[in-house]
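Spelled out, the chains give:
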Amino acid sequence: MLKDFAKGFEANDFGVETKPSRRRFLQGGAAVAAGLTIGFHWNAGMPKVALAAAGTGTDSAGGFVPNAFIRVGTDNTVTVLSKHLEMGQGVYTGLATIVAEELDADWSQIRVEGAPADAARYNNTAFGPVQGTGGSSSIANSYDQLRMAGATARALLVDAAAVDWNVDRGGITVEKGVVSHAASGKSATFGDLAAKAAAMPASVASTVTVKDPSKFTLIGTSVPRVDGKSKTNGTAQFALDVVLPGMVTAVIARPPVFGGTVKAVDDKAALAVPGVVKVVQVPSGVAVVATNFWAAKKGREALAVEWDRSKAETRGSAELLAEYKALAEKPGLPARKDGDVAKALAGAAKTVTASFEFPYLAHAPMEPLDCVVRLDQTGCEIWAGDQFQTIDQGNAAAAAGLKPDQVRINTLMAGGSFGRRANIVSDYIVEAVHIAKALDKGTPVKLVWTREDDIQGGRYRPMYHHTLTAGLDASGKPVAWQHRIVGQSIVDGTPFEAVMVKDGVDGTSVEGASNLPYDIPNMLVDLHTTKVGVPVLWWRAVGSTHTAYSTEVFVDELAHAAGKDPVEFRRAMLTHHPRHLAVLNLAAEKAGWGKPLAEGKARGVAVHESFSTFVAQVAEVTMRPDGSVKVDRVVCAVDCGVAINPDVIRAQMEGGIGFGLGGVMYGEVTLDKGKVEQSNFHDYRVLRIEEMPAVEVHIVQSNAAPTGVGEPGVPPIGPAVANAVFAATGRRIRNLPFTRDMNV
Amino acid sequence: MAVSFKLNGKPVTLEVDPEMPLLWAVREFAGLTGTKFGCGMAQCGACTMHVEGQPTRSCSMAVGDVEGQSVTTIEGLSGKAATAVQAAWENIQVPQCGYCQSGQIMSAVALLEQTPKPNDEDINAAMSGNICRCATYVRIRAAIHSASDMMEG
Ligand code: FES
Ligand code: FES
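Please read all numbers here as calculations on a predicted model, not as lab measurements.

Reading guide: rules and limits
Residues numbered from 1 in each chain as written. Chains lettered and ligands numbered in written order. Predicted model: local features only at pLDDT ≥ 70, side-chain atom pairs only at ≥ 80, totals over all residues. Heavy atoms only, no water. Axes fitted to C-alpha atoms, helices over the stretch in contact; angles between N-to-C directions. Helix = DSSP H or I, 4+ residues; strand = E, 2+ residues; numbered from the N terminus. Parallel < 35°, antiparallel > 145°, perpendicular 65-115°, else oblique. Left-handed = near helix turned anticlockwise from the far one by under 90°. Contact = heavy atoms within 4.5 Å. Nonpolar A, V, L, I, M, F, W, Y, C, P; charged D, E, K, R; others polar. Phe/Tyr/Trp six-rings, centres within 6.5 Å; stacked < 30°, edge-to-face > 60°. Buried < 20%, exposed > 50% of the residue type's maximum accessible area, 1.4 Å probe, protein only. Lys NZ or Arg CZ within 6 Å of the ring centre and 35° of its normal. Buried area = accessible area lost by both parts, 1.4 Å probe. Salt bridge = Lys/Arg side-chain N within 4 Å of Asp/Glu carboxyl O. Polar contact = N/O pair within 3.5 Å; in protein donor to acceptor, adjacent residues only side chain to side chain. Pairing = 2+ DSSP bridges. UniProt positions renumbered as here; feature names shortened; annotations may be inferred. 1 Å grid on protein atoms, 1.4 Å probe; cavity = no way out; pocket = protein on both sides within 12 Å on 5 of 7 lines; lining within 4 Å. Points joined across faces, edges and corners; volume = space filled by probe spheres on them.

Attention now goes to the packing of helix α3 (residues 101-114) of chain B against helix α5 (residues 137-152) of chain B. All names here are of chain B. At a minimum axis separation of 11 Å, α3 and α5 run at an interaxial angle of 40°. Judged by the angle between their axes, α3 and α5 are oblique. As α3 runs across α5, the sense of the crossing is right-handed. Contact residues: Q104, A108, L111 and L112 in α3; I140, I144, A147, S148 and M151 in α5. Residue composition of the contact of α3 with α5, by class: seven nonpolar, two polar and no charged.

Bringing the packing of aromatic side chains into the picture now. All names here are of chain A. Tallying each qualifying case throughout the model produces 16 aromatic pairs over all chains. Here the aromatic rings of W539 and F659 are separated by 4.7 Å at their centres, their planes lie at 40°, and the arrangement is tilted. With W539 in the loop between β25 (522-530) and α14 (544-562) and F659 in helix α17 (residues 646-666), the pair connects residues that are 120 residues apart, well separated along the chain. In this structure W539 comes out as buried when scored by relative accessible area, which is 3%. Each member of the aromatic cluster is reached from another via a ring pair, and the members are F127, F388, F496 and W538. For the cation-ring pair, R685 lies above Y666, with the distance from its terminal atom to the ring centre recorded as 3.7 Å. Above the face of the F726 ring, R732 is positioned so that its terminal group lies 3.4 Å from the ring centre.

Here we take up the interface of chain A and chain B. Of the residues lining the interface, 56 residues belong to chain A; the matching set on chain B comes to 46 residues. Regarding the contact of chain A and chain B, the summed buried area is about 4,300 Å², with carbon and sulfur atoms giving 58% of it. A per-residue breakdown of the area chain A buries against chain B is headed by T232, M366 and I689 of chain A, which together make up 19% of the total. Here chain A is connected to chain B by six salt bridges. Among the salt bridges present, the one from K36 of chain B reaches D241 of chain A, with a minimum N-O distance of 2.6 Å. Across the contact surface, chain A and chain B share 24 residue pairs in polar contact (both at pLDDT 80 or more). Contributions of two or more residues to the side of chain A that touches chain B are made by α6 (293-302), α11 (451-456) and α17 of chain A. Ranked by residue count, the leading element in the side of chain A that touches chain B is α17 of chain A, at eight residues. For the side of chain A that touches chain B, the per-class residue count stands at 25 nonpolar, 17 polar and 14 charged.

Moving on: the sheet that holds strand β22 (residues 478-488) of chain A. Residues and elements named next belong to chain A. Spatial ordering of the open sheet is given by β15-β25-β22-β21-β16, a layout of five strands whose pairing is mixed. Of all strands in the sheet, those with a lone pairing partner are β15 (333-338) and β16 (350-358), marking the two edges. Strand after strand, the sheet turns through a mean of 10° between neighbouring axes, direction not considered. Note that β22 and β25 share nine bridges and pair parallel. What sits directly across from V486, in β25, is H528. Relative to β16, α14 is tilted by about 150°, and along the sheet it contacts β16, β21 (464-472) and β22.

Turning to the UniProt feature "domain: Aldehyde oxidase/xanthine dehydrogenase a/b hammerhead" (unreviewed entry) in chain A, a few remarks are in order. Using the residue numbers shown here, the UniProt feature "domain: Aldehyde oxidase/xanthine dehydrogenase a/b hammerhead" (unreviewed entry) corresponds to residues 233-311 of chain A. Secondary structure within residues 233-311 of chain A divides into 19% helix and 38% strand; the distance between the first and last C-alpha atoms comes to 48 Å.

Residue and element names in this part refer to chain A. Under the criterion given, the structure shown has 11 cavities of 30 Å³ or more. Taken as a whole, the largest cavity holds about 120 Å³ of empty space. Together, 17 residues line the largest cavity, and R461, W539, T545, G660 and V664 are the ones closest to its centre. Only α14, α17 and α18 (717-729) provide two or more residues apiece to the lining of the largest cavity. Here the residues of the lining of the largest cavity are counted per class, giving 10 nonpolar, six polar and one charged. Within this model, the second largest cavity holds a volume of roughly 90 Å³. The wall of the second largest cavity is formed by G512, N515, L516, P517, Y518, T551, E552, H580, V607, H608 and E609. Looking at the lining of the second largest cavity, the elements that each hand over two or more residues are α14 and β26 (601-610).

Below, the structure written as structure tokens:
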């Protein structure tokens with residue numbers, strides 16, 4: 001059905017470029033022969049967005065397809081096609097809310113489906129001609145697009161009603177999915193009008209305007225998540241749950257060290273395991289294919305593989321750290337340079353310096369990597385919680401020897417990702433394609449990574465070393481700030497390098513540091529990019545996972561050195577950053593900053609912007625008699641512009657806090673002679689329920705363009721807790737995770 | 001080899017290696033995929049089922065060991081506690097990615113069946129084995145308290 005829908009579109013898939021306009025429907029499409037085609041682009045920097053045509057837009061069930069994002073069924077359902085992956089962040093709900101708002105649909109009639117892979121219609125306009133989800137960009141890049149899509153569909157339904165009832169469209173109103181004309185007493189549901197709207201030869205819609213935000217009835221309310229029910233009764237479908245006729249299951253034996261390759265395989269014992277059907281060598285290792293998962297896993301255990309380690313990374317975490325520390329002594333490539341730091345430091349009344357160490361971190365989403373791939377005569381079909389659809393499409397095509405448009409992707413919901421599924425080489429998908437190539441044509445294969453494969457499989461948040469030095473004047477005001485970062489670039493050797501690396505500096509390595517908001521006249525941020533054979537990747541909140549920690553702990557150190565209150569100290573340096581200041585003030589006020597606490601308790605604060613969303617958090621901790629820390633409560637203030645769904649925003653702040661807290665307190669992947677030392681949740685510790693603080697979220701009322709919330713809740717929690725621990729004990733935690741320095 | 005047991009109230013006989021974990025036997029041979037795989041070593045709780053009413057990590061129990069016993073999965077949940085827990089989960093909008101939630105719900109239902117009025121310590125003890133990487137823990141706790149209230153009312 002998805003396929004038919006996609007096909008139905010191809011003929012109409014064109015747009016008409018017009019002058020940039022944000023708030024007005026642009027005519028001109030009406031003149032195009034094939035019916036009403038709306039093409040518009042928002043600003044010069046963004047690629048053209050095509051909304052396809054009306055009139056000829058029908059789906060196989062006779063429904064109405066006004067554009068690439070909406071399908072109105074004769075059964076009165078409205079299906080929103082999500083170009084973004086739902087991985088827990090609530091994007092299906094958020095995107096559908098925007099459409100339903102402008103369409104004046106009833107929330108109960110809304111359904112959401114993953115859109116097929118298509119760089120032209122479903123590109124992330126923040127990424128360019130790429131369909132993908134990341135950088136907390138889904139709502140931001142879809143807001144205008146989906147408002148217009150919804151408003152257009154509404155106008156076309158009104159047109160259909162006007163023609164059908166032979167009334168003036170001006171007298172028609174739409175409310176909760178019902179189109180009415182008061183004067184004639186006529187009314188119809190969207191479902192009633194779907195076939196008529198689809199059959200209209202050419203639209204007569206003359207104007208489409210999006211709503212004035214003061215008229216919103218859904219945006220800003222907490223409509224229930226569209227996936228809430230299916231995720232409480234076990235019916236939500238993930239890639240792991242896909243079952244196809246004749247499907248086989250595969251697991252892969254991968255090299256014990258990064259960069260290792262297969263030297264020799266003895267598969268006799270593996271093939272003797274009942275259920276094992278094949279052993280296949282693939283570029284990443286040796287795949288065992290079986291009729292079921294358990295047989296595949298037992299087959300892998302029985303496999304004897306000799307590995308060639310001659311090109312493998314053999315350094316361990318200790319060796320890497322020693323190299324990073326040596327590099328930190330020398331200047332790196334500048335990412336930001338204001339004034340003259342050396343001179344200002346030399347003239348400072350007081351200087352403070354500190355260094356920080358950050359380990360590799362695995363994403364460890366609850367659903368380990370998995371997908372289903374089938375190669376047949378017509379091409380390749382993929383089922384996955386796919387985060388980078390058109391990149392995966394290209395990589396799968398290359399691996400299969402096909403053209404990208406021969407690769408169809410069914411995007412299912414993902415059991416988390418935190419960035420792991422958005423990988424530039426499409427590792428897990430390409431593996432499955434290679435296995436499918438070795439099977440009889442038409443045999444679907446489900447590839448499953450075990451948790452051990454996941455923890456040991458790389459693409460980590462890189463290991464980093466930071467050194468900060470600052471100078472204060474006699475009044476305690478910072479006059480110089482120097483920040484040196486050492487670590488791998490996550491885009492090194494990828495097509496993203498050309499876009500993201502400027503003058504040798506990967507922006508994602510320094511984000512959060514190079515745009516430090518504090519008003520300090522002399523500032524230098526520089527970077528050493530290291531070459532290590534450990535694959536790395538973006539991890540929920542990317543650069544800010546380490547830069548927020550080092551900068552916000554260090555600012556606290558400066559406040560202490562200056563003898564100032566940490567909130568006051570920050571306020572004084574944020575006069576040019578009102579949104580930072582507002583969330584800081586809100587969090588401090590709601591947390592009762594400055595009010596006395598019981599013995600053994602203390603508060604810490606941090607404020608950070610990531611992905612254009614501003615978040616401040618105040619953590620309240622209790623030091624236990626054994627020296628361990630318990631985080632009791634976190635007060636979080638967030639400014640993400642227009643709040644599409646306040647409850648989803650709260651949920652993302654809560655989840656970001658828990659995810660970030662587990663990361664700083666326990667998370668570390670360490671290497672010994674190149675081999676990962678952790679393997680599963682018993683030694684890659686993550687946050688559990690008894691360690692979760694109470695969380696209170698306050699959302700700043702705003703009419704600014706909406707920004708994302710999937711990641712920005714993560715960065716401030718680590719420094720807020722570390723600063724609270726300092727306030728309670730006088731101890732600074734500079735080496736992560738906390739377990740290295742303290743009992744937790 | 002065949003293993004026979006009661007699955008969600010109905011007798012089933014599965015032609016499987018009795019050493020196969022109950023999780024995979026139920027997912028791939030009984031066709032019930034609501035129960036998830038997260039770690040395979042009794043660390044995460046994603047695979048929680050009830051065996052004879054007890055919350056059990058099905059990834060670490062051989063299917064042969066449930067011969068003749070009664071197994072309940074998320075698909076077969078029923079009763080007062082289950083109804084309350086699922087309603088509370090929806091009201092409070094607990095799930096994010098949702099992948100851990102079958103296991104969370106199975107553990108929460110077992111808790112409330114045994115301890116209808118749990119305090120926070122009881123909740124910690126019963127739910128500590130269920131990891132949620134989306135960290136929906138604040139809402140899990142709230143939903144368990146809410147379900148407990150519903151069961152009373
Ligand atoms: S899969 Fe069984 S406890 Fe994790
Ligand atoms: S909801 Fe995603 S792991 Fe729990």
